[in-house]
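# Breakdown of the fold
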Amino acid sequence: QALQAEGNVREAEKHYADAKDWKAAVQMYRAEGSWEDALRVAKVYGGANAAKQVAYAWAVTLGGEDGATLLKKMGMLEAAIEYAT
C-alpha cells in the first residue's frame, strides 16, 4: 500500500501478486481509473471469469452505448449479458 500511495503502481502490483492478492491489484487499478491494467491483472491471475467481471464493471462505469461498445469490441457482450442476468 505504501508503494501505491507513492504512485508506484507497477511495483505495488508486483507485491500484491507475490502475496497472492491479485484482487487488491485489480481494485487499485480500478480506483485509479486504469481499467486496462485492471483487466490485464484479472486475466493473468484470475482467469477468464475474473476478466469478465472486470470488463462488465468497466462497461457499467461507462454506461449505455459506450459500455456496450466496449464489451462488443472485447468480444464479451454476450458473456456480459449472461453475467448480468
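This text goes with the structure placed above it.
A short tour of the structure in this document, coming up. In this text, all values refer to a predicted model and were calculated from it rather than measured experimentally.

Even without a glycine there, the phi angle at Lys-20 is positive, about 60°. Tracing the sequence through the fold places Lys-20 in the loop between α2 (9-18) and α3 (22-32). For Lys-20, a relative accessible area of 73% translates into the label exposed.

Take the nonpolar core next. Of all hydrophobic cores here, the largest spans 24 residues; its most connected members are Val-26 and Val-54. Taken together, the elements giving at least two residues each to this core come down to α2, α3, α4 (35-62) and α5 (64-73). With 12 residues, the single largest contributor to this core is α4. With sequence-adjacent residues up to four places away left out, Val-54 is seen in contact with Val-26, Trp-35, Ala-38, Leu-39 and Ala-42.

Okay, α4 next. Here α4 spans only 11 Å end to end across 28 residues, well under the 40 Å set by a 1.5 Å rise per residue. At Gly-46, α4 is bent by approximately 150°, the largest bend along its length. Just past α4, the residue Gly-63 takes up positive phi, approximately 75°.

The next subject is the packing of aromatic side chains. Enumeration according to the criterion identifies one aromatic pair in this entry. Between Trp-35 and Trp-58 the ring centres are 6.2 Å apart and the planes differ by 10°, which places this aromatic pair in the stacked class. Note on accessibility: Trp-35 and Trp-58 belong to one class, buried.

Moving on: the packing of α3 against α4. Running from N to C, α3 and α4 cross one another at 160°; their axes reach a closest spacing of 7 Å. Taken together, the axis directions place α3 and α4 in an arrangement best described as roughly antiparallel. For the element pair α3 and α4, the recorded crossing hand is left-handed. Taking contact as the criterion, the partners of Trp-22, Ala-25, Val-26, Tyr-29 and Arg-30 in α3 are, on α4, Trp-35, Asp-37, Ala-38, Arg-40, Val-41, Ala-42, Tyr-45, Gly-46, Ala-50, Val-54 and Ala-57.

Definitions and cut-offs
- Residues numbered from 1 in each chain as written.
- Predicted model: local features only at pLDDT ≥ 70, side-chain atom pairs only at ≥ 80, totals over all residues.
- Heavy atoms only, no water.
- Helix = DSSP H or I, 4+ residues; strand = E, 2+ residues; numbered from the N terminus.
- Buried < 20%, exposed > 50% of the residue type's maximum accessible area, 1.4 Å probe, protein only.
- Core = buried A, V, L, I, M, F, W, Y, C linked by side-chain atoms within 4.5 Å.
- Contact = heavy atoms within 4.5 Å.
- Expected span 1.5 Å × (residues − 1).
- Bend = angle between axes of the 7 residues up to and from the residue.
- Phe/Tyr/Trp six-rings, centres within 6.5 Å; stacked < 30°, edge-to-face > 60°.
- Axes fitted to C-alpha atoms, helices over the stretch in contact; angles between N-to-C directions.
- Parallel < 35°, antiparallel > 145°, perpendicular 65-115°, else oblique.
- Left-handed = near helix turned anticlockwise from the far one by under 90°.

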